[in-house]
Amino acid sequence: MVKLNCIKRIKSFSQIILEMLARPEQPLIALNEHIKLALPFPPLAEQKQIAAKLDELLAQVDTIKIRLDAIPHILKRFRQSVLAAAVSGKLTEEWRGRVLGN
């Protein structure tokens, strides 16, 4: 899990950037100012946990995307099956047997 102090550091870093961008006399961040900033990164072990979790989630995204891409083909086959059953009479065969008593 991402530690709270890391989140606080990221928020403070974001605040620094926003303050720099809000300066009317210097709307852009000067390169030398940017270099002086200490970027708040979580400890290496935590970075590895984050990367592993991202890899896991992105693999799930890939799997789900493949499954979603298959849905139009599945729906097309389903519609064709329903239409074929309707045309052949199999779709309402049981219902007609109950209602008409055949």
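Residues numbered from 1 in each chain as written. Predicted model: local features only at pLDDT ≥ 70, side-chain atom pairs only at ≥ 80, totals over all residues. Heavy atoms only, no water.

Caption draft 1: Fine view of the overall build of the protein. Summing up its helical and strand segments, the protein has four helices and zero strands in all. Taken from N to C terminus, the helices and strands of the protein fall in the order α-α-α-α. Counting all 102 residues of the protein, 11% fall into the buried class. Taken as a whole, the protein presents about 9,000 Å² of accessible surface, with 66% of it coming from carbon and sulfur. (Helix = DSSP H or I, 4+ residues; strand = E, 2+ residues; numbered from the N terminus. Buried < 20%, exposed > 50% of the residue type's maximum accessible area, 1.4 Å probe, protein only. Areas by Shrake-Rupley, 256 points an atom, 1.4 Å probe, with all protein chains shown as cover.)

Caption draft 2: Inspection of a nonpolar patch on the surface at higher detail. On the surface, a nonpolar cluster with roughly 340 Å² of combined accessible area is contributed by I50, L54, L58 and V61. Note on I50: relative accessible area 31%, which makes it partly exposed. (Patch = residues over 30% accessible without salt bridge, like charges linked within 9 Å, V, L, I, M, F, W, Y side chains within 5 Å. Salt bridge = Lys/Arg side-chain N within 4 Å of Asp/Glu carboxyl O.)

Caption draft 3: Looking closely at helix α3 (residues 44–88). Here α3 contains 45 residues, and its C-alpha end-to-end distance of 66 Å stays within 8% of the 66 Å for a straight helix at 1.5 Å per residue. The largest bend in α3 amounts to roughly 30° and is located at I71, with the proline P72 lying one to four residues further along. Residue G89 follows α3 closely and has a positive phi angle near 95°. (Expected span 1.5 Å × (residues − 1). Bend = angle between axes of the 7 residues up to and from the residue.)

Caption draft 4: Main features of the pattern of salt bridges. This structure, assessed with the given rule, holds three salt bridges. Of the charged contacts in the structure, one is a salt bridge between E56 and K53, with a shortest N-O distance of 3.6 Å. Separated by three residues within a single helix, E56 and K53 lie in helix α3, roughly one turn from each other. What makes E56 partly exposed here is its relative accessible area of 40%. The residue K65 makes a salt bridge to D69 at a minimum N-O spacing of 3.0 Å. Highlighted residues: K65 and D69, both in helix α3, separated by four residues, approximately one helical turn.

Caption draft 5: Broad picture of helix α4 (residues 93–100). Little of α4 is tucked away: zero of the eight residues are buried. One or two steps after α4, the chain reaches G101, where phi turns positive at roughly 75°.

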